[in-house]
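Residue-level structure breakdown
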Amino acid sequence: MDLKDIRVAVLRIEGTNCEEESFLAFKRLGADPEMVHLKQLTGDSSHPRKLKDYHALMFPGGFSAGDYVRAGAIFSARIKSSLGRDLVRFVEDGYPVLGICNGFQILVELGLLPGLSGTMTGRAEAVLATNDSNRFECRPTILKHVKRGNRVFTEKMGYGELFTIPSAHAEGKFVLPEDREKEMLEEMVKNDQIVFQYVKPDGTKAEYPFNPNGSILNIAGITNPAGNVMGMMPHPERAFYRSTSPNWTRHPLPLEDFGDGWYIFSSLLNYVSRRF
Amino acid sequence: MNPDHYIKRDVHFPLYDINLLNADDEALQTIADETAAGHDLNEMKRVKEYFTKLGRNPTDVEFQALGQAWSEHSCYKTSKPILKNTIFNIDAPQNILVIKEDAGVLEFDDEHAYVVALESHNHPSAIEPYGGAATGIGGILRDVVWMGAQPVALVDPLFFGSLDYPMDEVPKGVKHPTYLLSGVVDGIRDYGNRVGIPTVAGQVTFHNSYIGNCLVNVGCIGIVEKKHIIRSRVSGPGDVFIYAGGRTGRDGIHGVTFASADLHEESDTESRGAVQLGDPITKEPLIHACLEAVEKGLVSGMKDFGGGGLSSVVGEMALHGGCGCEIELDRVPTKEEGVAPWEIWISESQERMMLAVRPENVEKVLRLFADWDVEAVPIGRSVVGKNITITYCNTKVLELDLEFYTGGPEYDRPYEFAPRDVQERMPEEPADYNEMLLKLLCEENIACKGWVVHQYDHEVRGKTVIKPLQAKLGLEGHGDAAVIKPVENSWKGLAISCDINPRYTLLDPYHGSMCAIDENCRNLVAVGGRPHSFADCLNFGNPENPETLGDFVESTRGLGDVARFLSVPFSSGNVSFYNETLNGPIPPTPTILGIGLVEDIRKCVTSDMKVEDEAVYLVGQTFEEMGGSIYYEIAGGCSGDAPMVDLDNLKNSIEGMLDLIDKELVSAVHDPSEGGLGVALAEMALAGDLGADVDLSALGKMRSDIKLFSESQTRWIVEVRSGKEGTFERVLNSYGLSFLRLGTTGGKNLIIRDGKKELVNLPLKRMREVWEGTLHEKMG
C-alpha cells in the first residue's frame with residue numbers, strides 16, 4: 001500500500017507524554033499517523049475509533065496513569081479489559097506494534113512481550129525493573145543491532161551496526177523470573193527476539209553508564225517470536241534528526257540528515273507498505 | 001479564639017461574620033493573628049474603614065479574600081514602586097506582553113511568540129522539599145499554558161547550605177541541605193518528567209547563608225502562535241467562568257501569606273497545610289485540554305490558580321475585562337465534604353485552571369474536557385459593573401467592590417544601603433597548583449552536577465538540540481546554555497540559561513547583580529544565542545528591614561542598568577521577600593533566566609574541546625577581581641571587590657562573539673565563571689577528553705594564582721578551528737575586543753604555565769575522578 005495511506009495509531013492516556021514527537025516521526029516520513037486516546041478505541045468518547053482501521057499501533061513513552069503501581073501496569077490493565085481481543089487479532093494479523101520506553105513496559109505488562117507462550121500471555125513473563133542506580137537516568141546510549149532475520153522494525157539497520165539513541169527512564173532493567181531466566185533467555189535467543197543491546201562506543205560490552213539500567217545481556221529492545229511486536233527502552237523519536245541526536249556538535253555533518261532513530265520508523269513503514 | 005469576634009450565621013454550612021465594626025486596635029490585631037489571614041494592623045484598619053462605610057461586618061470569606069489579595073506575594077506592595085524605577089519599561093521591538101501578566105510574551109518569528117515565567121517556591125520547599133518543588137513546577141507550567149502556549153522547557157535554579165554542614169549544628173526546625181537537595185530534585189524529577197516537559201537548565205548553588213531557607217526557583221518557557229495568545233481576562237459581560245482540573249481541598253490554605261512571612265522554628269508543624277499537593281497526571285491532560293480549547297477558538301480568557309486560589313483568579317479576570325462577576329461557590333468540586341466557603345475561595349489546591357468562555361461555546365468546552373477525563377464545571381459569569389458577588393447555596397457570602405478588592409496597598413518603605421566592610425587579605429600563593437586546582441574541582445559549587453541533571457528528562461518532546469550536559473559520549477561536561485528548536489519547520493532556536501552568583505551580591509548587590517546579567521549573556525552567546533529577554537526571580541530577606549530593602553534597591557538598579565544598556569527587556573518575574581534564617585537574611589539572590597535567540601541552530605557550539613592541535617584563545621580581559629571567588633574562599637583570602645561589568649565592552653563582546661560563531665570559526669566556547677580560567681579550561685578538557693597546553697604569561701603582571709582563578713566578567717575561552725586563526729583575530733579586532741592566544745589543544749593532560757613556571761600538569765583522568773565523583777559521594 002501507499003505510504004500516505006498507512007494509518008498509525010499513536011495511543012495515549014493521561015500521562016503518556018512522548019506522543020507528539022512519535023506522531024511527528026511518522027508524519028515526517030509521509031504516513032498518516034493519529035494520536036488516539038484509549039477512550040476513543042473503547043467507545044467512551046465523542047470521537048470513537050476502531051483498532052482495525054489502523055495499520056500500525058504505537059505505545060509512546062511517558063508515565064501512563066502516573067506509573068504509580070508499576071510502570072505500565074495501569075495502562076495495560078485498562079487495555080486488557082477493554083481491548084484485549086482486538087489487540088490479539090491485530091497482532092496475529094501481522095500488523096506492527098511498537099512500544100518505546102513506557103510503551104515497552106506496557107507491552108511487557110500486557111504479555112505481548114516477550115510472548116514466549118502465546119500472542120498475549122495471561123500473565124507478564126518479564127518485568128522492566130528499577131534501574132540498578134536507583135535513579136532516573138537521562139543519557140545518550142549506544143545500541144548494537146543484533147537481530148538477524150524478520151526485521152519488521154529494523155530492516156534498514158545492518159546486523160552488528162551501532163546506533164546512538166538516547167535513554168530516559170527509571171525502570172528499564174529487563175528481568176526474567178530467576179528460576180526460569182536461563183531457559184527463557186535461551187529461547188529468546190533461539191527465536192531471534194533480541195534486537196538491541198547496550199554497548200560502549202567501541203561496540204564492546206556495556207557497563208554503567210552505557211548500560212543505564214543493569215538489564216540482563218544488556219538488553220535494550222526485544223520483539224515477540226513473530227517479530228511484529230517490538231519494545232525498546234531508548235527513544236528513537238528523539239533522534240529522528242541529527243540535530244536532536246546526542247553530540248552532533250562533535251561531528252560536523254549536515255544537520256538536515258536523519259538521526260539514528262529514523263531507521264526504526266522508516267523500516268516499520270516499509271514493512272507495512274510491502275506487506276499490506 | 002474570642003467568640004465575640006466571630007459571629008456564626010444561621011446557615012447549614014460554616015459561615016461567620018468577623019466583628020470588626022466594634023473592634024479597637026488591640027482587638028483588630030488579635031483577629032489578624034487568630035485568622036492568620038496575613039493583614040497587618042494598618043490593613044486591618046483599612047478593611048474596617050471600608051466595612052464601616054457599608055455599615056456591616058465582613059464575612060470570613062471577604063476577610064480572608066482581602067488577606068490573600070493584599071499579600072506581598074499577590075500584590076507586590078513593597079516591590080512594585082521600586083521595580084517601576086529599575087527593571088520595568090525597557091523598550092524593545094520583540095516585546096509583545098512584558099511585565100503585564102505572570103508570564104512575558106516576546107516575538108520568536110513572524111508567526112510565533114515565546115512565553116517566559118519564573119517564580120519562587122522557597123518556603124514550601126524548605127518545609128516539604130518534595131511537594132514544594134513539585135508544585136512549583138506545576139504552578140510555573142500553568143503560568144505559561146494560560147497564555148495559550150505549549151510549554152517547551154523547564155528550568156530550576158536551586159540554592160542550599162553546604163552539603164558538608166555539620167549535622168549537629170543544624171538549627172532546630174531546619175532540614176539539612178543533603179535532605180533538601182535530594183527531596184527537591186526528586187520533586188522536580190517526578191513532576192517534570194511525568195508531565196513531559198524537558199528540564200534543560202538551572203543551577204545548584206551552595207552557601208551556608210541558605211541554611212534554614214533554601215531557595216527553589218522554577219521557570220518555564222513556552223511557544224505559541226501569535227494568533228492564539230490568550231489574555232487572563234473576560235471578553236466582556238456574559239462570559240461563563242468554567243472551573244477545570246483538580247478538585248479543591250484544604251491543602252494550600254494560606255500559601256501566599258505563608259510565603260510573605262519569615263520562616264521560624266515551628267513553621268514545619270504550623271505550615272505544612274500551606275504546602276499544596278501536586279498531581280502531574282491530572283496536569284498533563286489538563287494542559288492538553290486547555291491548549292486544544294484555545295486552538296479551537298473556544299476560549300476568551302484563561303488564568304491558572306496560583307497564589308490565593310480562586311480568590312485571586314476570578315476578580316482579576318473580571319476586572320481586567322472591565323466587568324464585575326457573580327460566582328456560585330457551591331458548584332466548585334471539592335475533595336471532601338464540609339470544606340468551608342472561605343477555604344474553597346482561597347485554597348491553593350493544584351492542577352486547576354479557570355476559563356472564560358462565551359455562552360455559545362460552553363457545551364463544546366465541557367465535552368472537550370470530558371473527552372480528556374478532566375472535570376470542568378461552570379461556576380459563574382461576568383456581569384456589567386464593578387462588583388464581585390459570591391453565593392454559597394443561595395446565601396450571599398461575599399460582595400465587594402473589585403477595585404477595592406484587588407487594589408492592594410502600595411508602600412514606600414524606608415531603605416538604606418549599607419556598604420560592606422571587608423578586610424582585604426590576599427592568601428599565600430599556592431605551593432602546589434595541581435592540588436589547588438583539584439580542590440577547586442571538587443568544591444561543591446564547581447563539581448559536576450551530573451548527579452542532578454541526569455535525573456531530569458532533558459530530551460522529552462524531542463526538541464532539545466543542545467543538551468545541558470555537553471561532552472564526548474559517556475563523559476560529563478557542563479554546557480553554558482541549552483537550546484530548544486521549538487518550531488517544526490524552522491532552524492531558529494531558543495537558548496536558555498540561568499544564573500546568579502550570590503557570593504558577589506552578598507558583597508555588592510549592585511555590581512553583583514550586573515554580573516548575573518553578564519554571565520547570562522556569556523552563556524547564551526557561548527552557544528550562539530543573542531540575548532533577547534530576561535526573567536527575574538528576586539529572592540531577598542524581610543523588606544521591613546531597611547538594609548535588606550536597600551540591597552533590593554541596589555540589586556534591581558544593577559539589573560536594570562545593564563539590561564537597559566543592552567536594550568534587552570525583563571519580560572516577567574516574581575519577588576520573594578521574607579527569606580530569613582536564624583542568622584539574618586539570605587544573600588541578595590536575584591535569579592536571572594536569560595533567553596537567547598539562535599538564528600540557525602546548525603551553527604550552535606558546545607563547550608567540550610574537540611580537535612587535537614587547535615588554538616585556544618581567551619577573549620576578554622582579566623583583572624584582580626577576587627571578591628566572592630571560590631578560590632579566595634578555599635585559600636582563605638578576603639576581598640570586597642565583586643567583579644565589575646564594563647557595559648560597552650559587554651555589548652561589543654556579544655556582537656563580536658556572535659559574529660565568530662556565525663562565521664563558523666570556532667570549535668568550542670566556554671565562559672570562565674566560578675574558579676576562573678583554571679576551572680573553565682579543565683571543564684572543556686574533561687568534556688572533550690582532550691587536554692591542552694596553555695601559557696598565562698600574556699595576561700600581564702599579576703600573580704599566577706590571580707591569573708588562574710580571578711572571576712573577571714565578560715570572558716570566553718575559545719577553541720578556534722584549525723586554519724581560521726587569522727580570520728578569528730581580524731573579526732575580534734574589528735570589534736575592538738581584547739584577546740590572547742593561550743595555547744593549543746592536545747594530549748590527555750591539562751598543562752598550564754605562567755612563562756617558564758609550570759603551574760598545572762594534571763592527567764584528565766585524575767581531574768575527572770574528583771570533579772565527577774564529588775556530588776555522587778555526597779548524595780549517594
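Before going into details, it helps to say that this report is about the structure given with it. This one's a predicted model, so the numbers in the text were calculated from it and none came from an experiment.

Bringing the overall build of chain B into the picture now. Helix and strand counts for chain B stand at 26 helices and 30 strands. In terms of overall dimensions, chain B is globule-like: its C-alpha atoms have a radius of gyration of 27 Å, near the 28 Å expected for 780 residues. Principal-axis analysis of the C-alpha atoms gives chain B an extent of 90 × 55 × 45 Å. For chain B, with 780 residues in total, the buried portion stands at 67%. Taking the contacts inside chain B whose residues are at least 6 apart along the sequence as the reference set, 83% of them involve residues at least 24 apart. For chain B, the exposed surface amounts to about 25400 Å²; the carbon and sulfur share of it is 46%. Positive and negative side-chain charges of chain B, numbering 72 and 119 respectively, have mean locations separated by a distance of 5 Å.

Our focus in this paragraph is the sheet that holds strand E18 (residues 493-499) of chain B. Residue and element names in this part refer to chain B. Taken together, the 6 strands give an open sheet; going across it, the order is E16-E17-E18-E23-E19-E20, and neighbouring strands pair in mixed fashion. Because the sheet does not close on itself, it has two edges, and the strands there are strand E16 (464-466) and strand E20 (570-576). Recorded for the sheet is a direction-independent mean angle of 25° between the axes of neighbouring strands. Contacts from helix H19 (residues 509-527) reach E16, strand E17 (482-484), E18, strand E19 (530-539), E20 and strand E23 (589-598) within the one sheet, and its direction differs from that of E18 by about 145°.

Inspection of every chain in the model, using the stated rule, returns 7 cavities of 30 Å³ or more. Empty space within the largest cavity amounts to approximately 730 Å³. Taken together, 39 residues line the largest cavity, and the ones lying closest to its centre are Gly 202, Gln 203, Lys 449, His 478 and Gly 479 of chain B. Contributing elements (two or more residues each) for the lining of the largest cavity: strand E6 (150-160), strand E7 (199-206), helix H17 (450-453), E18, H19 and helix H23 (676-688) of chain B. It is E7 of chain B that contributes the most residues to the lining of the largest cavity, 7 residues altogether. Class assignment of the residues belonging to the lining of the largest cavity gives a composition of 18 nonpolar, 13 polar and 8 charged. A volume near 300 Å³ is recorded for the second largest cavity. Lining of the second largest cavity is provided by 27 residues; of these, Pro 140 and Asn 247 of chain A together with Lys 467, Leu 469 and Ala 471 of chain B occupy positions nearest its centre.

To continue, consider the packing of aromatic side chains. Scanning all chains against the criterion turns up 29 aromatic pairs over all chains. Ring geometry for Phe 26 of chain A and Phe 265 of chain A: centres 5.2 Å apart, planes at 90°, overall edge-to-face. One end of the pair, Phe 26 of chain A, is in helix H1 (residues 19-28); the other, Phe 265 of chain A, is in helix H6 (residues 262-275), and 239 residues separate them in sequence. Taken individually, Phe 26 of chain A and Phe 265 of chain A each receive the classification buried, so the pair is uniform in this respect. Where Tyr 271 of chain A meets Phe 276 of chain A, the ring centres are 6.4 Å apart and the plane angle is 85°; that geometry is what we call edge-to-face. Three or more aromatic residues joined by ring pairs make a cluster, and in this case those are Phe 26, Phe 163, Phe 240, Tyr 241, Phe 258, Trp 262, Tyr 263 and Phe 265 of chain A. One residue, Lys 485 of chain B, lies across the ring of Trp 491 of chain B, its end atom 5.7 Å from the ring centre. One cation-aromatic arrangement involves Lys 492 of chain B over Phe 108 of chain B; the distance from NZ or CZ to the ring centre is 5.7 Å.

Of the residues lining the interface, 49 residues belong to chain B; the matching set on chain A comes to 46 residues. On the surface where chain B and chain A come into contact, there are 5 salt bridges. The closest approach of N and O atoms between Arg 238 of chain A and Asp 457 of chain B, which form a salt bridge, is 3.0 Å. There are 17 residue pairs in polar contact (both at pLDDT 80 or more) connecting chain B and chain A. Counting residues per element, the ones that place at least two in the side of chain B that touches chain A are helix H8 (177-195), helix H11 (280-295), helix H14 (362-371), E16 and H23 of chain B. A breakdown of the residues in the side of chain B that touches chain A according to their chemical character gives 18 nonpolar, 14 polar and 17 charged.

Reading the values: rules and limits
- Residues numbered from 1 in each chain as written.
- Chains lettered and ligands numbered in written order.
- Predicted model: local features only at pLDDT ≥ 70, side-chain atom pairs only at ≥ 80, totals over all residues.
- Heavy atoms only, no water.
- Helix = DSSP H or I, 4+ residues; strand = E, 2+ residues; numbered from the N terminus.
- Rg over C-alpha atoms; globule rule 2.2 N^0.38 Å.
- Buried < 20%, exposed > 50% of the residue type's maximum accessible area, 1.4 Å probe, protein only.
- Contact = heavy atoms within 4.5 Å.
- Areas by Shrake-Rupley, 256 points an atom, 1.4 Å probe, with all protein chains shown as cover.
- Lys, Arg positive; Asp, Glu negative; His and termini not counted.
- Charge placed at Lys NZ, Arg CZ, Asp CG, Glu CD.
- Pairing = 2+ DSSP bridges.
- Axes fitted to C-alpha atoms, helices over the stretch in contact; angles between N-to-C directions.
- 1 Å grid on protein atoms, 1.4 Å probe; cavity = no way out; pocket = protein on both sides within 12 Å on 5 of 7 lines; lining within 4 Å.
- Points joined across faces, edges and corners; volume = space filled by probe spheres on them.
- Nonpolar A, V, L, I, M, F, W, Y, C, P; charged D, E, K, R; others polar.
- Phe/Tyr/Trp six-rings, centres within 6.5 Å; stacked < 30°, edge-to-face > 60°.
- Lys NZ or Arg CZ within 6 Å of the ring centre and 35° of its normal.
- Salt bridge = Lys/Arg side-chain N within 4 Å of Asp/Glu carboxyl O.
- Polar contact = N/O pair within 3.5 Å; in protein donor to acceptor, adjacent residues only side chain to side chain.

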